[in-house]
Amino acid sequence: MTVIRVVTFNTLFGGHDDFGLGAGDRWRGQIEFLKGLEADILALQECNFWDLLGNRRMYQTLNALELGSAYLAYANETTSGHRFHSVIMLSRRVRLAAQGADRDRYHHVMGWANLILPGLEGPLEFRNLHLDPFDPRNRAREVSPLGVLAAPGRRSLAVGDVNTIGLEYPEPDWKRLPAHAANGHLRLPREDQVSDRDATELLARAGFKDASHPFNQEMAATAAFGDGDVPRRQDLILMSPALGPALIGYEVHLEPVNKGLSDHGAVSADFDLSRVA
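Residues numbered from 1 in each chain as written. Predicted model: local features only at pLDDT ≥ 70, side-chain atom pairs only at ≥ 80, totals over all residues. Heavy atoms only, no water.

The name given to the protein in an unreviewed UniProt entry is Endonuclease/exonuclease/phosphatase, and the organism recorded there is Streptomyces malaysiensis.

Written out as structure tokens, the structure is:
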């Protein structure tokens, strides 16, 4: 069986209330939901406090999902004291060739892994993104080194919460947001007051393809469903051209939003690796 499933999901403070310090009712609901998706590669963001007591919450999640391995990318501390860790979890069908994290270049952190997959010769290069929510200029800097992953012959995926709008998503009505919240989404004041999409445009120009496009899901919102926010598509699965022929499925899952488990939906993509030359 050479079909693998990739899933990305922002857990909203690790599935716990009180910014990650409180009750874990949402976490338990997330486990039930994510288990049903049967991911081979699971990218999670906002895993706050999952590092404490020897990554205890991360391993609780790993074992509850019955997956094979997990890696926590330790995040920088924000100005409010949060550490929005990210986690990559793998099924027992996926083996590791290498893994690590980059905090120096990122507002939060970028976790990465080189993966050995059934039916694929050579590694799949995987990046779990959680880009800067406040500074459009920094988001462009964060993704700039990733362009090389779209070079001819390289099999790579860049997935996660990019905190900017995916290409071809219609322009939201930003007037619904107060100025302090809108500034993280708009171009600089001297430019047109429209969405900043520099990060996604840079990745597209480098050659990355959005897995939503072949399935006409470019306009499906994935995030920002909280009160007073503006729904938008910012949870993305981007693939290098060499991996494109393997894509056979894509779906936005809004069950976490509908059940109050997160302000993000999950996004999944299926790849048949036997289709990769």
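Visitor: Lay out the overall build of the protein with the relevant residues and their values.
Guide: Across its full length, the protein holds six helices and twelve strands. Radius of gyration (C-alpha) of the protein: 17 Å, near the 19 Å computed for a compact globule of 277 residues. Dimensions of the protein, computed from the C-alpha atoms along their principal axes, are close to 50 × 45 × 35 Å. Excluding contacts between residues fewer than 6 apart, the proportion of contacts in the protein whose partners are at least 24 apart in sequence is 67%. As displayed, the protein has an accessible area near 12,000 Å², and 50% of this comes from carbon and sulfur atoms. (Helix = DSSP H or I, 4+ residues; strand = E, 2+ residues; numbered from the N terminus. Rg over C-alpha atoms; globule rule 2.2 N^0.38 Å. Contact = heavy atoms within 4.5 Å. Areas by Shrake-Rupley, 256 points an atom, 1.4 Å probe, with all protein chains shown as cover.)

Visitor: Quick one: what's the story with the environment of asparagine 48, residue by residue and with numbers?
Guide: Looking at the element boundaries, asparagine 48 is found in the loop between strand 2 (41–45) and helix 2 (52–65). The class of asparagine 48 is buried, set by a relative accessible area of 1%. Counting along the chain gives 203 residues from asparagine 48 to glutamate 251, while the straight-line C-alpha distance between them is 26 Å. Apart from the residues lying within four places of it in its own chain, the contact partners of asparagine 48 are Phe13, Gly14, Phe19, Arg57, His82, Arg83 and Phe84. (Buried < 20%, exposed > 50% of the residue type's maximum accessible area, 1.4 Å probe, protein only.)

Visitor: Give a detailed account of the packing of helix 3 (residues 136–143) against helix 5 (residues 198–206), specifying residues and quantitative values.
Guide: Closest axis-to-axis distance for the helix 3/helix 5 pair is 8 Å, and the angle between their directions is 25°. What the angle tells us is that helix 3 and helix 5 run roughly parallel. Relative to helix 5, the crossing made by helix 3 is right-handed. Of helix 5, the residues touching helix 3 (which contributes Arg139, Ala140 and Val143) are Asp198, Ala199, Leu202 and Leu203. Residues belonging to the contact of helix 3 with helix 5 are distributed by class as follows: five nonpolar, no polar and two charged. (Axes fitted to C-alpha atoms, helices over the stretch in contact; angles between N-to-C directions. Parallel < 35°, antiparallel > 145°, perpendicular 65-115°, else oblique. Left-handed = near helix turned anticlockwise from the far one by under 90°. Nonpolar A, V, L, I, M, F, W, Y, C, P; charged D, E, K, R; others polar.)

Visitor: Can you break down the side chain of asparagine 114 residue by residue, with the values?
Guide: By the secondary structure assignment, asparagine 114 is in strand 6 (residues 110–116). A residue is classified by how much of its surface remains accessible, and asparagine 114, at 19% relative accessible area, is buried. Discounting chain neighbours no more than four positions away, the residues touching asparagine 114 are Arg95, Leu96, Ala97, Ala98, Pro123, Leu124, Glu125 and Arg127.

Visitor: Pulling in residues and values, what's your account of the sheet that holds strand 10 (residues 235–239)?
Guide: Spatial strand order, 5-6-7-8-10-9: six strands in an open sheet with mixed pairing. Across the chains shown, the open sheet's two edge strands, defined by having one partner strand only, are strand 5 (95–102) and strand 9 (209–210). Bridge count for strand 6 against strand 7 (residues 124–130) is five bridges, and the pairing is antiparallel. Note that in strand 7 the partner of leucine 115 across the bridge is leucine 124. (Pairing = 2+ DSSP bridges.)

Visitor: Give me the lowdown on the side chain of serine 268, citing residues and values where you can.
Guide: Topologically, serine 268 is positioned in strand 12 (residues 266–272). Within polar-contact distance, the side chain of serine 268 engages the side chain of histidine 253 at 2.7 Å. Not counting residues within four places of it along the chain, the set of residues in contact with serine 268 comprises Arg5, Val6, Val7, Ile237, Gly249, Tyr250, Glu251 and His253. (Polar contact = N/O pair within 3.5 Å; in protein donor to acceptor, adjacent residues only side chain to side chain.)

Visitor: Explain the layout of surface pockets to me, using residue names and the numbers behind them.
Guide: Approximately 830 Å³ is the volume found for the largest pocket. Around the largest pocket, the lining is made up of 34 residues, and of these Glu46, Pro133, Phe134, Asn163 and Asp229 lie nearest the centre. The class makeup of the residues in the lining of the largest pocket is eleven nonpolar, 17 polar and six charged. In this model, the second largest pocket occupies a volume close to 170 Å³. For the lining of the second largest pocket, the element with the highest residue contribution is helix 1 (residues 25–37), accounting for three residues. (1 Å grid on protein atoms, 1.4 Å probe; cavity = no way out; pocket = protein on both sides within 12 Å on 5 of 7 lines; lining within 4 Å. Points joined across faces, edges and corners; volume = space filled by probe spheres on them.)

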